[in-house]
Amino acid sequence: MTTNRKDNYGDAFLLFGATGDLAYKKIFPALYELTVQGRADVPIVGIARRDWTDDQLREYIRESVREHNEQADADVLNQLCERVRYLSGDYAEPATFRRLAELTNNAKLPVSFLAIPPDMFADVVQGMASVGMTDRGRVVVEKPFGRDLQSARELNLVLHSHLRESQIFRIDHFLGKEPVQNMLVFRFANSMLEPVWNRNHISSVSITMAETFGVDGRGKFYEQVGAIRDVIQNHLLEMVALLAMEPPSSNDPAAMRDEKVKVFKAINALDPESVVRGQFEGYRAEEGVSPNSDVETFAALKLEIDSWRWAGVPFYLRAGKKLAKTVTEAVIEFKQPPRMLFADKVACPKPNRLQFRMKPDETITLNLQAKVPGMKMVSRDVDLSVDYESALGGNSLDAYERLIADALSGDEGLFARQDGVEEAWRIVEPILRPTRYVRSYQAGTWGPEAANMYFPLVHEAGSLAGQKC
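The text that follows walks through the structure, step by step, so that each part is easy to find. Fair warning: this is a prediction, and the values are worked out from it, not measured in the lab.

Counting its regular elements, the protein chain contains 14 helices and 15 strands. Scaling as 2.2 N^0.38, a compact globule of 469 residues should have a C-alpha radius of gyration of about 23 Å, and the protein chain matches this with 24 Å. Split into buried and exposed, the 469 residues of the protein chain put 53% on the buried side. Considering only intrachain contacts with a sequence separation of at least 6, the fraction spanning at least 24 residues in the protein chain is 76%. For the protein chain, the accessible surface area stands at approximately 21,800 Å², while carbon and sulfur atoms represent 50% of it.

Looking now at the packing of aromatic side chains. Summed over all chains, the structure comprises 13 aromatic pairs. Taking 4.9 Å as the distance between ring centres and 75° as the angle between the ring planes, the aromatic pair formed by Phe-169 and Phe-415 counts as edge-to-face. Linking Phe-169 in strand β6 (residues 168-171) with Phe-415 in the loop between α12 (399-409) and α13 (418-432), this pair joins segments that are 246 residues apart in sequence. Here Phe-169 matches Phe-415 in class, with each residue buried.

So, about the sheet that holds strand β8 (residues 275-280). Pairing in this open sheet of nine strands is mixed, and the strands run β14-β13-β12-β11-β7-β10-β9-β8-β15 from one edge to the other. If you trace the sheet from one side to the other, it starts and ends with β14 (379-387) and β15 (439-441), each paired once. The sheet shows a mean angle of 20° between the axes of neighbouring strands, direction not considered. Packing against the sheet, helix α7 (residues 178-188) makes contact with β11 (327-334), β12 (353-359) and β13 (363-371), and its axis sits at approximately 155° to β12.

Before going further, it helps to examine the sheet that holds β6. Taken in spatial order, the six strands make up an open sheet running β3-β2-β1-β4-β5-β6, and their pairing is parallel. In the strand order of this sheet, the two ends are held by β3 (84-88) and β6, each with one partner. Neighbour-to-neighbour, the strand axes of the sheet open up by a mean angle of 20°, direction not taken into account. As paired elements, strand β5 (residues 138-142) and β6 share four bridges and run parallel to each other. When the bridges of β6 are listed, Glu-142 appears paired with Ile-171. Running over the sheet, helix α5 (residues 121-130) touches β1 (12-16), β4 (110-114) and β5 and is turned about 165° from β4. Relative to β5, α12 is tilted by about 155°, and along the sheet it contacts β1, β4, β5 and β6.

Below, the discussion takes up a positive patch on the surface. Positive charge collects at one region of the surface, where Lys-25, Lys-26, Lys-177, Arg-218 and Lys-359 lie side by side. Structurally, Arg-218 is set in the loop between β7 (202-210) and α8 (219-223). Residue classification places Arg-218 among the partly exposed residues on the basis of a relative accessible area of 42%.

This brings us to the pairing of β4. Of all five residues in β4, five are buried; the element is thus mostly enclosed. Of the two faces of β4, the one carrying Pro-110, Ser-112 and Leu-114 and the one carrying Val-111 and Phe-113 are both buried. Of the strand pairs in this sheet, β1 and β4 are connected by five bridges, and their pairing is parallel. Bridged to Phe-16 within β4 is Leu-114. In this fold, β4 hands off to α5, which returns the chain to β5; that crossover is right-handed.

Here the focus is the side chain of Arg-357. When you line up the elements, Arg-357 lands in strand β12. Note on Arg-357: relative accessible area 16%, which makes it buried. Side-chain polar atoms of Arg-357 contact the side chain of Glu-329, separated by 2.8 Å.

In helix packing, the relevant descriptors are the interaxial angle and the interaxial distance, both defined with respect to the helix axes. Between helix α1 (residues 21-36) and helix α2 (residues 54-68), whose axes approach to 8 Å, the crossing angle comes to 85°. Taken together, the axis directions place α1 and α2 in an arrangement best described as roughly perpendicular. Every residue of α2 that contacts α1 at Ala-23, Tyr-24, Phe-28, Pro-29 and Tyr-32 is listed here: Leu-57, Tyr-60, Ile-61, Glu-63, Ser-64, Val-65, Glu-67 and His-68. A class-by-class count of the residues in the contact of α1 with α2 yields nine nonpolar, two polar and two charged.

Rules and cut-offs
Residues numbered from 1 in each chain as written. Predicted model: local features only at pLDDT ≥ 70, side-chain atom pairs only at ≥ 80, totals over all residues. Heavy atoms only, no water. Helix = DSSP H or I, 4+ residues; strand = E, 2+ residues; numbered from the N terminus. Rg over C-alpha atoms; globule rule 2.2 N^0.38 Å. Buried < 20%, exposed > 50% of the residue type's maximum accessible area, 1.4 Å probe, protein only. Contact = heavy atoms within 4.5 Å. Areas by Shrake-Rupley, 256 points an atom, 1.4 Å probe, with all protein chains shown as cover. Phe/Tyr/Trp six-rings, centres within 6.5 Å; stacked < 30°, edge-to-face > 60°. Pairing = 2+ DSSP bridges. Axes fitted to C-alpha atoms, helices over the stretch in contact; angles between N-to-C directions. Patch = residues over 30% accessible without salt bridge, like charges linked within 9 Å, V, L, I, M, F, W, Y side chains within 5 Å. Salt bridge = Lys/Arg side-chain N within 4 Å of Asp/Glu carboxyl O. Lys, Arg positive; Asp, Glu negative; His and termini not counted. Charge placed at Lys NZ, Arg CZ, Asp CG, Glu CD. Right-handed = clockwise from strand over helix to strand, strands pointing away. Polar contact = N/O pair within 3.5 Å; in protein donor to acceptor, adjacent residues only side chain to side chain. Parallel < 35°, antiparallel > 145°, perpendicular 65-115°, else oblique. Nonpolar A, V, L, I, M, F, W, Y, C, P; charged D, E, K, R; others polar.

Next up, the structure:
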């Protein structure tokens with residue numbers, strides 16, 4: 001087996017939970033694409049409890065890749081499978097890790113992906129430490145990074161029992177998506193934005209993550225999570241940080257993460273009175289859901305960032321299932337002109353808006369005012385839109401492709417750091433334990449009406465209500 005000769009590049013990829021859904025749906029297709037690119041030419045060992053052989057895991061990988069990519073190249077798939085070994089064992093047994101060290105020829109810089117429940121992390125970290133695999137290796141862990149601030153700290157103690165912070169790669173696949181990263185590049189690669197990217201010119205920021213589908217048979221899981229833990233504490237707060245952070249001092253991963261943490265530290269813990277929690281009608285009939293469940297499938301909230309750049313600018317966040325549209329986007333609304341010179345009798349011109357849409361299409365849209373043809377000096381809004389794929393071309397990297405490649409090369413920039421994780425939990429901690437009842441809403445709507453009363457989030461995602469002149 002050949003390996004990349006860069007000193008900092010991982011020399012083995014160890015996948016704990018190799019027979020699970022995450023491995024099948026995401027990790028194996030990503031490893032195939034990285035093999036196509038020549039970026040995953042390292043030994044791969046799948047570890048799980050099932051009594052499988054090497055060939056059974058290889059066939060599992062072939063099925064996974066072909067389901068993901070019907071045009072998968074047979075030769076490349078063979079190259080991937082040739083590097084794969086399988087180890088069946090109990091994570092609590094020291095013998096499992098002795099055999100693992102032998103299989104990897106005592107790799108000097110193994111990258112271990114823990115696609116397993118967090119309650120198994122301690123056994124795996126201890127087992128790897130017992131055979132010296134934590135001395136220089138890296139460990140990739142999936143969210144959730146705890147259920148609240150206390151459990152996040154407890155999880156951190158488990159990881160830090162044998163690992164330095166620089167060795168821990170907390171993966172949130174959302175940060176690996178091209179449109180999310182493009183939001184950051186758009187901000188800092190276009191100097192025309194900087195003079196207006198502040199409280200003097202921006203009136204509000206709204207972030208939406210809406211889905212038309214429900215819990216899809218995962219009722220038991222969702223009962224333990226809810227919308228706030230599932231996406232607001234991580235995905236949406238990360239978007240807030242990318243939109244609000246100061247320019248990093250360099251392109252060093254630590255510099256960018258420092259600026260994100262500064263944003264989190266400037267956000268006060270959320271007031272339960274500023275949150276609207278909803279639950280779609282029919283959720284309690286889902287398998288695994290309590291008939292008296294008060295778990296939110298929708299949440300809308302307002303937060304502010306107490307900094308010189310953003311003081312007084314409201315950030316509106318909402319996320320939910322069984323809503324009117326599947327859409328993920330951030331909308332920056334600028335302040336209206338000081339005088340409405342070209343207003344008609346019905347409504348003022350809408351404020352300019354900049355929209356970053358990530359789903360269902362990947363677009364950036366700037367909404368401006370232009371004159372309506374004719375004798376009257378009346379303006380209407382027009383969109384200047386760029387379709388990410390058609391404008392920039394090329395195939396977008398899947399999030400897991402990028403993040404696994406970054407873990408192998410040691411690039412920490414798109415991974416969460418412990419201080420950022422704890423700050424995010426601090427922000428949402430007061431709203432994790434409901435102090436108000438959950439409001440019912442019909443499937444196919446934009447959630448409880450109360451959300452539209454309290455916040456200017458109207459029935460079209462990302463579009464804020466215009467004002468009459």
